[in-house]
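Per-entry structural report
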Amino acid sequence: MSATRYAYLGPEGTFTEVALRTLPEAATRELVPMVSVPAALDAVRSGEAAAALVPIENSVEGGITATLDALTGGEPLMIYREVLLSITFALLVRPGTKLSDIKTVTAHPAAQPQVRNWMAAHLPQAVWESAASNADGARLVQEGRYDAAFAGEFAAATYGLEPLVTEIHDAENAQTRFVLVGRPARPSAPTGADKTSVVIWLGDDHPGALLELLQEFAVRGVNLMLIQSRPTGEGIGNYCFAVDAEGHIADRRVGEALMGLKRICPKVRFLGSYPRAGVSADEVRPLRTGTSDSDFTEAADWLARSQDGRI
Ligand SMILES: O=C(O)C(=O)Cc1ccccc1
């Protein structure tokens, strides 16, 4: 039964739901709204859902820490797909509310940096309260708990609200990235435009520890697309790093970089290799000389021949 269910950050009417519905297979799945990202991921861990779509990064604020933390801890999960969605907000209110009536505003914390300037200009006195998601904020406005919510315009109808202002976004082209997470299994084959996500724990605190981590990628010509430090929870100054690297774990340069990290770091958690959204193989940056699979194979063959004295 669970194979047919996909969980997502709910309730109905989140951007996450819109992102999920862009996946072709969503049409044949039962889509189950969950109250939080950890709840959506736990539904996958327990087998209640086959996969979950959750927001992980946005172009204005960077990594969504609740998601990074829920993937960093707990039973391992893996990312199988990513979805990019352009985001603009609407200010949703109960019918009849005017801008001058609004004293309290709510939305998901990740929405705040995307509407901060607009709020300062148009609602300078309004108090911000965080909601579990943007649609949950809309639901709370419907219940009368807050005066307005920043959410997708499409959420208005679901919650009996009206969009007082639309197209709100401090940054042009703001995008949010969502990931489809499932239980660990073999990643899909490389497409030529892939991304690999890992979490890396640094060992003993020493000068250059982060540089050593980065060098494992740099010397193999692996480009990084995200690096976000997160506290390990084991005291001030203890951090792990969520890293997105260009390429697939089946690419030799990526595999070798991960082996390098595994040798020097106390813990590395592989979070998956999956196709990059919105990028095709012919748009990927050219490889640095000496970092293709055949370069690695030739070097390994040369080493083996040399070790045998077959020079
Ligand atoms: O999906 C939603 O509606 C969320 O609450 C997560 C989110 C937050 C900010 C921008 C996009 C998605």
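Residues numbered from 1 in each chain as written. Predicted model: local features only at pLDDT ≥ 70, side-chain atom pairs only at ≥ 80, totals over all residues. Heavy atoms only, no water.

Quick look at the overall build of the protein now. When helices and strands are tallied, the protein shows nine helices and 15 strands. Projected onto its principal axes, the C-alpha coordinates of the protein cover approximately 85 × 45 × 40 Å. Counting contacts in the protein only where the partners sit at least 6 residues apart, residues at least 24 apart contribute 76% of the total. As presented, the protein carries roughly 14,900 Å² of accessible surface, and 52% of it is formed by carbon and sulfur atoms. (Helix = DSSP H or I, 4+ residues; strand = E, 2+ residues; numbered from the N terminus. Contact = heavy atoms within 4.5 Å. Areas by Shrake-Rupley, 256 points an atom, 1.4 Å probe, with all protein chains shown as cover.)

Around the ligand sit 13 residues, and of these Thr14, Phe15, Thr16, Ser133 and Asn134 come closest. Interatomic distance of 3.0 Å between a backbone N/O atom of Phe15 and an oxygen atom of the ligand. Starting from 320 Å² of accessible surface for the ligand in isolation, the protein chains cover 100%. Residue classes in the shell around the ligand are distributed as six nonpolar, seven polar and no charged. When residues are assigned to domains, the shell around the ligand turns out to be shared by domain 1 (1–86 + 176–185) and domain 2 (89–168), each giving three or more. (Near = heavy atom within 4 Å. Polar contact = N/O pair within 3.5 Å; in protein donor to acceptor, adjacent residues only side chain to side chain. Nonpolar A, V, L, I, M, F, W, Y, C, P; charged D, E, K, R; others polar. Domains from an automatic or database assignment.)

To continue, consider the environment of Ile227. Note on placement: Ile227 falls in strand 13 (residues 224–231). We classify Ile227 as partly exposed; its relative accessible area is 41%. Along the backbone, Ile227 and Asp244 are 17 residues apart, and their C-alpha atoms lie at a distance of 6.6 Å. In contact with Ile227, other than residues within four places in its own chain, are Leu210, Leu214, Phe241, Ala242 and Val243. (Buried < 20%, exposed > 50% of the residue type's maximum accessible area, 1.4 Å probe, protein only.)

Across the sheet, five strands lie side by side as 8-7-9-6-10; this open sheet has mixed pairing. At either margin of the open sheet sits one strand with a lone partner, and together these are strand 8 (127–130) and strand 10 (162–168). Each adjacent strand pair in this sheet contributes to an overall mean axis angle of 25°, direction not counted. As judged from the two bridges shared by strand 7 (residues 104–107) and strand 9 (residues 148–151), these two strands associate in the parallel manner. Looking at strand 9, one finds that Val105 is bridged to Ala148. With respect to the sheet, helix 5 (residues 134–142) is in contact with strand 6 (89–93), strand 7 and strand 9, its orientation differing from that of strand 9 by roughly 160°. (Pairing = 2+ DSSP bridges. Axes fitted to C-alpha atoms, helices over the stretch in contact; angles between N-to-C directions.)

Attention shifts here to the nonpolar core. Phe89, Leu91, Val105, Leu123 and Phe150 are the most contacted members of the largest nonpolar core, which has 31 residues in total. The residues that make up this core include at least three from each of domain 1 (1–86 + 176–185) and domain 2 (89–168). Once residues lying within four places of it in the same chain are set aside, the contact partners of Leu123 are Leu91, Leu99, Ile102, Val105 and Trp118. Judged by nonpolar contacts, the second largest core, of 27 residues, contains Ala52, Ile56, Leu77 and Val181. (Core = buried A, V, L, I, M, F, W, Y, C linked by side-chain atoms within 4.5 Å.)

One pass over the full model with this rule turns up four aromatic pairs. Between Phe15 and Phe89, the aromatic rings sit 5.4 Å apart at their centres with planes inclined by 85°, giving edge-to-face as the arrangement. Placement of Phe15 in helix 1 (residues 15–21) and of Phe89 in strand 6 is noted, with a sequence separation of 74 residues between them. Residues Phe15 and Phe89 agree in their burial class; the two are buried. Ring centres of Trp128 and Phe150 lie 6.2 Å apart, and the angle between their planes is 25°; on these two criteria the pair is classed as stacked. With Trp128 in strand 8 and Phe150 in strand 9, this pair connects stretches of sequence that are 22 residues apart. Following the ring pairs from residue to residue traces out a cluster consisting of Phe15, Phe89 and Phe154. (Phe/Tyr/Trp six-rings, centres within 6.5 Å; stacked < 30°, edge-to-face > 60°.)

Keep in mind that these numbers describe shape and distance, not what the molecule does.
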